[in-house]
Amino acid sequence: MSTVKALILDPTTSEVTLRNIPKPTPATGEVLIRVRAIALNPVDGLFIAHPIATSDRVIGLDFAGVVEGAASDLETSTDKRTQTGARVAGFLQGACSGNFRPGAFAEYITAPYDLIWSVPDDMPLENASAVSMCGLTAAQGVFYRMGLPAPFADTASATSSQQAEPINVLVYGSSSSLGQYAAQMVNMAEKTSGRKIRLIGAASRAKHAFLSAAPFNYDVLVDYRDADWPEQVRKATEGAGVQYAVDSIAEGNTPALVESTLSEDGKFVTFVPHSPDDYDASKLRIQPVYGAVWEGLGEMVTFRPGMVFPADLKARAFAASFFDYLGSGGVKVVPNPIRLMPGGLENVVADGLALVSHAKVSQRKVQDRTEEYMRPISGEKIVYTIA
Ligand SMILES: NC(=O)c1ccc[n+]([C@@H]2O[C@H](COP(=O)([O-])OP(=O)(O)OC[C@H]3O[C@@H](n4cnc5c(N)ncnc54)[C@H](OP(=O)(O)O)[C@@H]3O)[C@@H](O)[C@H]2O)c1
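Since the structure is predicted, the reported quantities are computational estimates derived from the model, not experimental observations.

The local shell around the ligand holds 27 residues, among which S204, Y224, F271, R364 and S378 are the closest. Within the contact set of the ligand, an oxygen atom lies 2.7 Å away from a side-chain nitrogen or oxygen of S175. Here an oxygen atom of the ligand and a side-chain polar atom of S378 are 2.4 Å apart. Look at the ligand: alone it shows 940 Å² of surface, and the protein chains cover 91% of it. The biggest single contributor to the shell around the ligand is helix α3 (residues 132-145), with three residues.

Structure (structure tokens):
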């Protein structure tokens, strides 16, 4: 039997080791992918430290690679993602589910062909690996949950080009991976609707120049470390308040502060489930809409204790249109800046996961390591090339 190397979590000990596993075989509708690059996310570390997997599991979400084969039902498919040699990217769920579903940190994986995207020729696979999971999360928040108009899917049109006043949209945590993609989605909504959007961001001051430029194009930036940042945001809206907000961080009382900037009929989304220790949700005028990216996979997901997402075919169809759009000619979304790490799968635990491993992005541990590549991360994705 042919075997491949993969990073496997033992959920009883939280240990991750590099092991040989059988080479996977694509099921109906799936392709076999030789993984060439992987990118790390905070949830990778979270569900290793606090496993919800109940059996040994390949870890990891984001990947990019090259198609090496397809299930027999795809033999006559002309979709370029099913063709041998196609350069593709996507994400799997791995250890972030109670259900048995292998992850992406392996030499070979399988994935449904319509939940991966065709990587443009001029985009290196390392950069492409940084897009899928956070890109889809941001698209779900901006288009699917808040209803801003998407260039690729039938979303409720929340804007009317007849109205002259700009729409105010806040992205809190603008320099985070999610925040960087959310801003690009908001720019797409502006282009799609033809209605001016005033894009307001909250990020550390050092990131303001980066975020003012393309592809983010913020109109107004505040520093979330200023105690009066919500007041600064309200002023920027000339008293109207923010109609749409994305809280990319949702830690401590950030959702309560974001909510305080909203107009009367404002909407906002978060991506971290509410903890009663953080703020009293019953005191909020407007409740955040929480969503998990896994819904886009269209499979039943047992997530945190008491949280089960039923298979959601509408969310899957949205994800499929988003990935189809990403691969439909030219660069549609600019990947986060990447930090290319030395080594491959064998270095992920000691180096990469050490950099992203803390559960809260606001409380990342400062490493006592002295190598340049182990400096704290901010606004970058940790990426490995898989030889
Ligand atoms: N529900 C879902 O499906 C889903 C999907 C993806 C991610 N998530 C969650 O979303 C969160 C963000 O993920 P990510 O990958 O985007 O994180 P990330 O890129 O690692 O975000 C780190 C950035 O957050 C900023 N930051 C830290 N504390 C902040 C604070 N208190 N206020 C504002 N900005 C702050 C820092 O920027 P500065 O340098 O400007 O300080 C840092 O660059 C994580 O908790 C992740 O688990 C959920």
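Bringing the sheet that holds strand β1 (residues 3-10) into the picture now. The three strands lie next to each other as β2-β1-β4, forming an open sheet whose pairing is antiparallel. Strands with a single pairing partner mark the edges of an open sheet, and in this sheet they are β2 (15-22) and β4 (57-58). Note: β1 against β2, eight bridges, orientation antiparallel. Across the sheet, the residue bridging to D10 is E15, located in β2.

Glancing now at the pairing of strand β6 (residues 87-91). A large share of β6 lies buried, amounting to four of its five residues. In this structure, strand β5 (residues 62-70) lies alongside β6, joined through five bridges in antiparallel fashion. Paired with D62 across the bridge in β6 is F91.

Pairing is possible between side chains that carry opposite charge, provided their charged atoms lie close to one another. Under the criterion given, the structure shown has 18 salt bridges. Residues R285 and E259 are paired through a salt bridge, measuring 3.7 Å at the closest nitrogen-oxygen approach. Taken as a pair, R285 in the loop between β13 (262-270) and β14 (289-290) and E259 in helix α7 (residues 254-259) lie far apart in primary sequence, 26 residues in all. For R369, the salt bridge is made with D351, and the minimal N-O distance between the two is 2.8 Å. Remark: D351 occurs in helix α9 (residues 348-356) and R369 occurs in the loop between α9 and β18 (381-385); sequence separation between them is 18 residues. Within the structure, one salt-bridge network assembled from shared partners comprises R339, E372, R375 and E380.

Below, the discussion takes up helix α8 (residues 313-326). For α8, with 14 residues, the first-to-last C-alpha span of 20 Å sits near the 20 Å given by 1.5 Å per residue. Check the buried side of α8 and you find it contacts β6, β8 (116-118), α3 and α4 (177-193).

All right, on to the packing of α3 against α8 then. At a minimum axis separation of 11 Å, α3 and α8 run at an interaxial angle of 115°. Along this stretch, α3 crosses α8, giving a crossing that reads as right-handed. Only K314, A315, F318, A319, F322 and F323 of α8 make contact with α3, whose side of the interface consists of S132, G135, L136, A139, Q140, F143 and Y144.

It is worth spelling out the domain arrangement of the chain at this point. For an interface, size is often stated in terms of accessible area lost upon the parts coming together. As assigned here, the chain comprises domain 1 (3-131 + 298-385) and domain 2 (134-291). If you average the C-alpha positions of domain 1 and of domain 2, the two centres end up 26 Å apart. Between domain 1 and domain 2, the contact holds 30 residues from the first and 26 residues from the second. Together, the buried faces of domain 1 and domain 2 total about 2200 Å²; carbon and sulfur atoms form 63% of this surface. Ranking the residues of domain 1 by area buried against domain 2 places F318, F322 and Y325 at the top, with a combined share of 28%. Our enumeration of links across domain 1 and domain 2 arrives at zero salt bridges. At the junction of domain 1 with domain 2, the criterion picks out ten residue pairs in polar contact (both at pLDDT 80 or more). Per element, the largest residue contribution to the side of domain 1 that touches domain 2 is eight residues, and it comes from α8.

A rise of 1.5 Å per residue sets the reference length of α4, with its 17 residues, at 24 Å; its end C-alpha atoms lie 25 Å apart and thus fit the reference within 8%. Of all the 17 residues making up α4, 14 are buried; the element is thus mostly covered by neighbouring parts of the structure. In the segment just after α4, G194 is the residue with positive phi, at about 75°.

What follows deals with the sheet that holds strand β10 (residues 197-202). Spatial strand order, β11-β10-β9-β12-β13-β14: six strands in an open sheet with parallel pairing. Where the open sheet ends on each side, the last strands, each with one partner, are β11 (220-222) and β14. Contacts between helix α6 (residues 229-236) and the sheet are confined to β9 (167-172), β10, β11 and β12 (242-247), with β11 contributing the most and set at about 165° to the helix.

Another aspect to go through is the packing of α3 against α4. Taken N-terminus to C-terminus, the directions of α3 and α4 make an angle of 50°; their axes are 8 Å apart at the nearest point. Accordingly, the angle class assigned to the pair α3 and α4 is oblique. Crossing handedness for the pair α3 and α4: right-handed. Packed against α3, whose contacting residues are C134, G135, T137, A138, A139, V142 and F143, the element α4 presents S177, L178, Y181, A182, M185, V186, M188 and A189 at the interface. Split by residue class, the contact of α3 with α4 holds twelve nonpolar, three polar and no charged.

The rules behind each value
- Residues numbered from 1 in each chain as written.
- Predicted model: local features only at pLDDT ≥ 70, side-chain atom pairs only at ≥ 80, totals over all residues.
- Heavy atoms only, no water.
- Near = heavy atom within 4 Å.
- Polar contact = N/O pair within 3.5 Å; in protein donor to acceptor, adjacent residues only side chain to side chain.
- Areas by Shrake-Rupley, 256 points an atom, 1.4 Å probe, with all protein chains shown as cover.
- Helix = DSSP H or I, 4+ residues; strand = E, 2+ residues; numbered from the N terminus.
- Pairing = 2+ DSSP bridges.
- Buried < 20%, exposed > 50% of the residue type's maximum accessible area, 1.4 Å probe, protein only.
- Salt bridge = Lys/Arg side-chain N within 4 Å of Asp/Glu carboxyl O.
- Expected span 1.5 Å × (residues − 1).
- Contact = heavy atoms within 4.5 Å.
- Axes fitted to C-alpha atoms, helices over the stretch in contact; angles between N-to-C directions.
- Left-handed = near helix turned anticlockwise from the far one by under 90°.
- Domains from an automatic or database assignment.
- Buried area = accessible area lost by both parts, 1.4 Å probe.
- Parallel < 35°, antiparallel > 145°, perpendicular 65-115°, else oblique.
- Nonpolar A, V, L, I, M, F, W, Y, C, P; charged D, E, K, R; others polar.

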